[in-house]
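Breakdown of the fold
For reference, the chains in residue letters:
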There are 2 protein chains.
Amino acid sequence: MSPHPLRTLIETCDAAISRRDVDALMAFYAEDAALVVKPDMVVRGIPAIRRAFTAISDYFDGQLEVTQGAMEVIEGADNALVIMETRLRYPGGEGWIDETRRATYVFRKEPGGQWRCTVDNSYGITLLGAQQPGDRPAID
Amino acid sequence: MSPHPLRTLIETCDAAISRRDVDALMAFYAEDAALVVKPDMVVRGIPAIRRAFTAISDYFDGQLEVTQGAMEVIEGADNALVIMETRLRYPGGEGWIDETRRATYVFRKEPGGQWRCTVDNSYGITLLGAQQPGDRPAID
């Protein structure tokens, strides 16, 4: 089975981030898209997203590498919710640091069939706070 | 500050589920929306979503109650990603069972300003599997 077109698109985006090609990356965002830069900071619109990615790259001295782990895509009504493991690798004080986030992304299918990102939230559900409630039911 | 319109909308939807008013509930879904009924089962389109909610209600003997906990809404390009605690309460063999899910929903703003759900995934990131990777970076 061939991979979902959004897996290929996200691989292309992550490769663009890793080689600091912000122009290539911006082609995949909707004009008024939102990017969660950090849990208390959301920016909107391609100019602001472009500045944020440039700042993120500078923060990691241009050495941030982004790759993909497990991914689920749920399409509905020309939207897609992508839930995936986003793997970050960057230099730390004592060697390379590997970080895995469980990200949530929203894409919209344009009339021509092209997918564009409308909401980029690499923090996933951690926006609700660090505490993870159990998924198992509790009987009272 | 007044609550986000989507908080009010989701409260209305959850109240409709709790009183088994599937007609009222369907008004808030896009025509081709997707509903994750369980992790390995996604249905699409209002007729299928209607049948799924009727079956879910029957499964809980019409006694499922749904309410809302913490909620974050990220709007971008006429989409909204909602990340929230969805609280379920239903009768179990030994009393009432309380379950909290960290859900992920996608909404689209229609030209008239009405929000409609395009992807309803009450399972959130648990679709990726039960194992929760640490959010803390590991140094190698």
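All values reported here derive from a predicted model rather than from experimental measurement. (Residues numbered from 1 in each chain as written. Chains lettered and ligands numbered in written order. Predicted model: local features only at pLDDT ≥ 70, side-chain atom pairs only at ≥ 80, totals over all residues. Heavy atoms only, no water.)

Brief notes about helix 1 (residues 5–18) of chain A
Residues and elements named next belong to chain A. End to end, helix 1 covers 20 Å across 14 residues, agreeing with the expected 20 Å (1.5 Å per residue, within 8%). Inspection of helix 1 places Leu-6, Leu-9, Ile-10, Cys-13, Asp-14, Ala-16 and Ile-17 among the buried residues, and these make up the whole buried set. Angular distribution of buried residues about the axis of helix 1 spans 155°; they occupy a single face of the element. (Helix = DSSP H or I, 4+ residues; strand = E, 2+ residues; numbered from the N terminus. Expected span 1.5 Å × (residues − 1). Buried < 20%, exposed > 50% of the residue type's maximum accessible area, 1.4 Å probe, protein only. Arc of directions from axis to C-beta.)

As for the interface of chain A and chain B
Quoted interface sizes are often the accessible area lost when the parts come together. Between chain A and chain B, the residue contacts involve 50 residues of the former and 50 residues of the latter. Here chain A packs against chain B, burying approximately 4100 Å² in sum over the two surfaces, 61% of which is carbon and sulfur. In terms of surface lost to chain B, no three residues of chain A exceed Arg-102, Ile-125 and Leu-128 of chain A, which account for 19% of the buried area on that side. Counting every contact that joins chain A to chain B gives nine residue pairs in polar contact (both at pLDDT 80 or more). Contributions of two or more residues to the side of chain A that touches chain B are made by strand 1 (29–38), strand 2 (41–44), strand 3 (65–76), strand 4 (79–92), strand 5 (95–109), strand 6 (115–121) and strand 7 (138–139) of chain A. The dominant element in the side of chain A that touches chain B, judged by the number of residues it contributes, is strand 5 of chain A, at ten residues. In terms of residue class, the side of chain A that touches chain B is built from 25 nonpolar, twelve polar and 13 charged. (Contact = heavy atoms within 4.5 Å. Buried area = accessible area lost by both parts, 1.4 Å probe. Polar contact = N/O pair within 3.5 Å; in protein donor to acceptor, adjacent residues only side chain to side chain. Nonpolar A, V, L, I, M, F, W, Y, C, P; charged D, E, K, R; others polar.)

Regarding the side chain of Asp-120 of chain A
Residues and elements named next belong to chain A. Inspection of the secondary structure assignment puts Asp-120 in strand 6. Despite its burial, Asp-120 pairs with no opposite charge; the closest candidate is Arg-101, at 7.7 Å N-O. In this structure, Asp-120 is in contact with Tyr-29, Ala-34, Leu-35, Val-36, Phe-53, Thr-104 and Tyr-105, ignoring residues within four places of it in sequence. (Lys, Arg positive; Asp, Glu negative; His and termini not counted. Salt bridge = Lys/Arg side-chain N within 4 Å of Asp/Glu carboxyl O.)

Quick word on the relation of the copies chain A and chain B
In screw terms, the move from chain A to chain B is a rotation of 180° and a rise of 0.0 Å along the axis, fitting with an RMSD of 0.0 Å. Both copies of the chain, as the preceding transformation shows, are related through a two-fold rotation axis. When the interface residues of chain A are mapped onto chain B, 100% of them again lie at the interface, so the same face is used by both copies. (Least-squares fit on C-alpha atoms with pLDDT ≥ 70 in both.)

Things to note about the pairing of strand 1 (residues 29–38) of chain B
Residue and element names in this part refer to chain B. With seven of its ten residues buried, strand 1 lies for the most part within the structure. As defined by bridge partners, strand 1 adjoins strand 6 (residues 115–121) across three bridges and the pair is classed as parallel. Residue Leu-35 lies in a different strand from strand 6, and its bridge partner there is Asp-120. One ladder, built from four bridges, connects strand 1 with strand 2 (residues 41–44); its direction is antiparallel. Bridge pairing in strand 2 places Val-36 opposite Val-42. The loop that links strand 1 with its antiparallel partner strand 2 comprises two residues. (Pairing = 2+ DSSP bridges.)

Some points on the pattern of salt bridges
Under the defined criterion, the tally for this structure stands at 20 salt bridges over all chains. Of the charged contacts, one joins Glu-11 of chain B and Arg-7 of chain B as a salt bridge, the two residues approaching to 3.8 Å between their closest N and O atoms. Of this pair, Glu-11 of chain B and Arg-7 of chain B both sit in helix 1 (residues 5–18), four residues apart, roughly one helical turn. Under the relative-accessibility criterion, Glu-11 of chain B is labelled partly exposed at 35%. A relative accessible area of 23% places Arg-7 of chain B in the partly exposed class. The closest approach of N and O atoms between Glu-110 of chain B and Arg-108 of chain B, which form a salt bridge, is 3.3 Å. The network of salt bridges with shared partners includes Glu-85, Arg-87 and Arg-102 of chain A.

Concerning the environment of Met-41 of chain A
Residue and element names in this part refer to chain A. Assignment of secondary structure puts Met-41 in strand 2. Met-41 sits in the partly exposed class, given a relative accessible area of 36%. As for Met-41 and His-4, which are separated by 37 residues in sequence, their C-alpha atoms are 30 Å apart. Leaving out residues up to four positions away in the same chain, Met-41 has contacts with Leu-35 and Val-36.

Considerations on the state of the cysteines
All names here are of chain A. Applying the stated criterion across every chain, the model contains zero disulfides over all chains. This cysteine, Cys-13, is not joined by any disulfide, and Cys-117 carries the nearest cysteine sulfur, 7.6 Å off. Here Cys-13 falls in the buried class, since its relative accessible area comes to 10%. (Disulfide = S-S within 2.5 Å.)

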